[in-house]
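Understanding the architecture of this molecule
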Protein chains: 2
Amino acid sequence: MLSFFDMSELKDGVTRQVYLTLRRDILNWRLLPGRRLSEKDIAGRMNISKTPVREAFIKLQGEGLLEIRPQRGTYVSLMDMEQIEEVRFTRYCVESTVLSLFISSPPDEKTLTAMEALLETQEQAIAGRDVDGFVDSDDAFHRELFLACGKARAWSFIDHFSAQYKRLRYLSLQNYLDFGNVLDEHRAILSACRRRDSDNALRWLSRHLNKILGESEHLREKFSVYIKKYGEIQDSGAAHTPIPTHGA
Amino acid sequence: MLSFFDMSELKDGVTRQVYLTLRRDILNWRLLPGRRLSEKDIAGRMNISKTPVREAFIKLQGEGLLEIRPQRGTYVSLMDMEQIEEVRFTRYCVESTVLSLFISSPPDEKTLTAMEALLETQEQAIAGRDVDGFVDSDDAFHRELFLACGKARAWSFIDHFSAQYKRLRYLSLQNYLDFGNVLDEHRAILSACRRRDSDNALRWLSRHLNKILGESEHLREKFSVYIKKYGEIQDSGAAHTPIPTHGA
DNA sequence: CACTTCTAAGATACTAACATATCAGTCGCC
DNA sequence: GGCGACTGATATGTTAGTATCTTAGAAGTG
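A quick note: this is a predicted structure, and the numbers were derived from the prediction, not measured.

Overview of the overall build of chain A
A count of helices and strands for chain A gives 10 helices and three strands. Starting at the N terminus and walking to the C terminus, you meet the elements of chain A as α-β-α-α-β-β-α-α-α-α-α-α-α. Across the 248 residues of chain A, 51% fall into the buried class. Within chain A, contacts between residues at least 6 apart in sequence are counted, and of these 75% link residues at least 24 apart. Accessible surface, chain A: about 11900 Å² in total, of which carbon and sulfur atoms supply 51%.

A short note on the environment of D199(A)
Residues and elements named next belong to chain A. Following the sequence through the fold, D199 ends up in helix α10 (residues 198–222). Residue class for D199 comes out exposed when judged on its relative accessible area of 55%. Through-space distance from the C-alpha of D199 to that of S100 is 9.0 Å; in sequence the pair is 99 residues apart.

Focus: the relation of the copies chain B and chain A
Note on the copies: chain B fits chain A at an RMSD of 0.1 Å, the axial shift is 0.0 Å, and the rotation between them is 180 degrees. Between the two chains, the operation in question is that of a two-fold axis. No C-alpha of chain B approaches the rotation axis more nearly than that of C93(B), which lies at 2.8 Å. Looking at the interface residues of chain B, 100% of them are also at the interface in chain A, so both copies use one shared face.

Concerning the interface of chain B and chain A
The interface of chain B with chain A comprises 26 residues on the first partner and 26 residues on the second. Interface area, chain B with chain A, both sides summed: about 2300 Å², of which 64% is carbon and sulfur. The largest share of the area that chain B buries against chain A comes from E86(B), R153(B) and F157(B), three residues that together contribute 30% of it. At the surface where chain B touches chain A, the tally comes to six salt bridges. The salt bridge involving D80(A) is made with R153(B); its shortest N-O contact spans 2.9 Å. Across the chain B-chain A interface, the total number found is 12 residue pairs in polar contact (both at pLDDT 80 or more). Looking at the side of chain B that touches chain A, the elements that each hand over two or more residues are α3 (50–62), α4 (81–104) and α7 (152–160) of chain B.

A few points about the protein's contact with DNA strand D
Residues in close proximity to DNA strand D total 21 residues, the closest being R54(A), Q71(A), V14(B), S49(B) and T51(B). Among all atoms of DNA strand D positioned within 4 Å of the protein, those belonging to sugar or phosphate total 69%. At a separation of 2.7 Å, a base oxygen of DNA strand D approaches a polar side-chain atom of Q71(A). Here a phosphate oxygen of DNA strand D and a side-chain polar atom of R72(B) are 3.2 Å apart. Contributions of two or more residues to the surface near DNA strand D are made by β1 (36–37), α3 (50–62) and β3 (73–76) of chain A together with α1 (14–27) and α3 of chain B. Tallying contributions element by element places α3(B) first for the surface near DNA strand D, with three residues.

As for the environment of D132(A)
All names here are of chain A. Inspection of the secondary structure assignment puts D132 in helix α6 (residues 131–148). Expressed as a C-alpha distance, the spacing of D132 and L27, which sit 105 residues apart in the sequence, is 9.8 Å. The contacts of D132, once residues within four sequence positions are left out, are N28 and Y170. Polar side-chain contacts of D132 include one of 3.1 Å to the side chain of Y170.

Notes on the sheet that holds strand β2 (residues 66–69) of chain B
Residue and element names in this part refer to chain B. Overall, antiparallel pairing links the three strands, which are arranged β1-β3-β2 in an open sheet. In this open sheet, the two strands that pair with only one neighbour each are β1 (36–37) and β2. Bridge analysis of β2 against strand β3 (residues 73–76) gives four bridges, and the strand direction is antiparallel. Each bridged residue has a counterpart across the sheet, and for I68 the counterpart in β3 is T74. Along the sheet, α3 makes contact with β1, β2 and β3, crossing β2 at roughly 115 degrees.

Here we look at the protein's contact with DNA strand C
Taken together, the neighbourhood of DNA strand C is formed by 21 residues, with V14(A), S49(A), T51(A), R54(B) and Q71(B) sitting nearest. The contact atoms of DNA strand C, taken as those within 4 Å of the protein, divide so that sugar and phosphate hold 76%. With respect to DNA strand C, the backbone of E39(B) contributes an N or O atom lying 3.2 Å from a phosphate oxygen. In the model, a phosphate oxygen of DNA strand C is placed 2.4 Å from a nitrogen or oxygen of the R54(B) side chain. Listing elements by their share of the surface near DNA strand C, those giving two or more residues are α1 (14–27) and α3 of chain A together with β1, α3 and β3 of chain B. The element best represented in the surface near DNA strand C is α3(A), accounting for three residues. For the surface near DNA strand C, the class distribution of residues is five nonpolar, nine polar and seven charged.

So, how was this worked out
Residues numbered from 1 in each chain as written. Chains lettered and ligands numbered in written order. Predicted model: local features only at pLDDT ≥ 70, side-chain atom pairs only at ≥ 80, totals over all residues. Heavy atoms only, no water. Helix = DSSP H or I, 4+ residues; strand = E, 2+ residues; numbered from the N terminus. Buried < 20%, exposed > 50% of the residue type's maximum accessible area, 1.4 Å probe, protein only. Contact = heavy atoms within 4.5 Å. Areas by Shrake-Rupley, 256 points an atom, 1.4 Å probe, with all protein chains shown as cover. Least-squares fit on C-alpha atoms with pLDDT ≥ 70 in both. Buried area = accessible area lost by both parts, 1.4 Å probe. Salt bridge = Lys/Arg side-chain N within 4 Å of Asp/Glu carboxyl O. Polar contact = N/O pair within 3.5 Å; in protein donor to acceptor, adjacent residues only side chain to side chain. Near = heavy atom within 4 Å. Pairing = 2+ DSSP bridges. Axes fitted to C-alpha atoms, helices over the stretch in contact; angles between N-to-C directions. Nonpolar A, V, L, I, M, F, W, Y, C, P; charged D, E, K, R; others polar.

Dropping the structure here:
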């Protein structure tokens, strides 16, 4: 319940601290889509001036997490389901190729061991109902795959514009508590890699990345106020309505 | 020879103008890799204050075109060949899938016509030795493909982190004047699309995107001062040496 | 001469104040 | 009552100046 203006630590760069704090709380759903943010307000709460806040806003806008309307206001982005789908598509295009690469090259025992270790980390996160820890080890699992193929930067490209995707994943995990399924999918992918069974590895990866969209149909109704609508008037509606903050 | 502080127009957003001006001149090679930029200096030349310059710097850093060293200085990024290679890899993963999609779905005559029109635009650019115009229509050609498949955002993701790739392409075109080859490749891809010949379309796409790396071997020697070195001391060397500006 | 310390210039990081645009609500006119 | 102009509050956009950090080079020391 520590709200988004914690400021317990600010060693390097105030701008960076603001950025990290806001980013975490948006992905956490402590700051809900559509919520209005104000440079002045946040600067005041954090006892800093507006400029670092403003710069953090700009960075977050670049990741699609904030929408800055010039001279009007800044809002936490609504969930753009079309964008999330295209992130998934892009990611699948790249990651399936990386997975094939990994399997077709000589199996890298060190990487396989590291990935197994991450699965154990995930198990622990499940036991502790630690959504954040689970999400971190999920990312680390996939990242390992890219690193093993010398595609670290390709991962960081994907990671960079996956912010909205991650926000949906967080919601999905919180609501369906399907941690175990994700873990099973990881196990299946890894096991197929060990067997050098490319077909099955790709099948499981596809299922793994697609699942979030399958679930999104269920989420769509329940969380429709947080989802961006097309075809309606773009400048009003849900984005402007005050939304209960349930956390501050 | 109009240098990078032109300021002929500044209708909306000073920050945006600074951003666009700097971005153009970096991709143009009017601002060379390794060159030092100063907030104060640019602000002074443009008769504006430092903040908009600073914000433009941050955006350009996000695209990998600038390197901001806190409290030290801001430099035009050196060419990071490994990053460019991974951009190419990522792009090929996505674009080959999009191309397959385009061919396997019913052929979209409107799109094919539009792409043919773009080829004519390219021909004109070649006739006029207009590198910028050529590059623009090159991008437009590929973008059309993504739009036709409903993957506009996927294109914008790729486009966003392709800045360094584009800079290398500009150099390659200026030095090898192989406009015609690029045009031929586009024609081959389009013609394969018309014949719904997926294999050949993909082969030509692969050749098209790979070419830049083949050429980069030749460029590596001639332009080595502009290329990022790994394994050396990261905090000194070429990046700091004053480099002839040949334009301002 | 080799090495350390000091210093001043100049870079980004940040602050505080001002400029400009937007919008909801109100006033006044019909 | 209905409708358009005005206005105050407040948002971001921009400016100018201050603070802090880094570094090159001078000065001092063995």
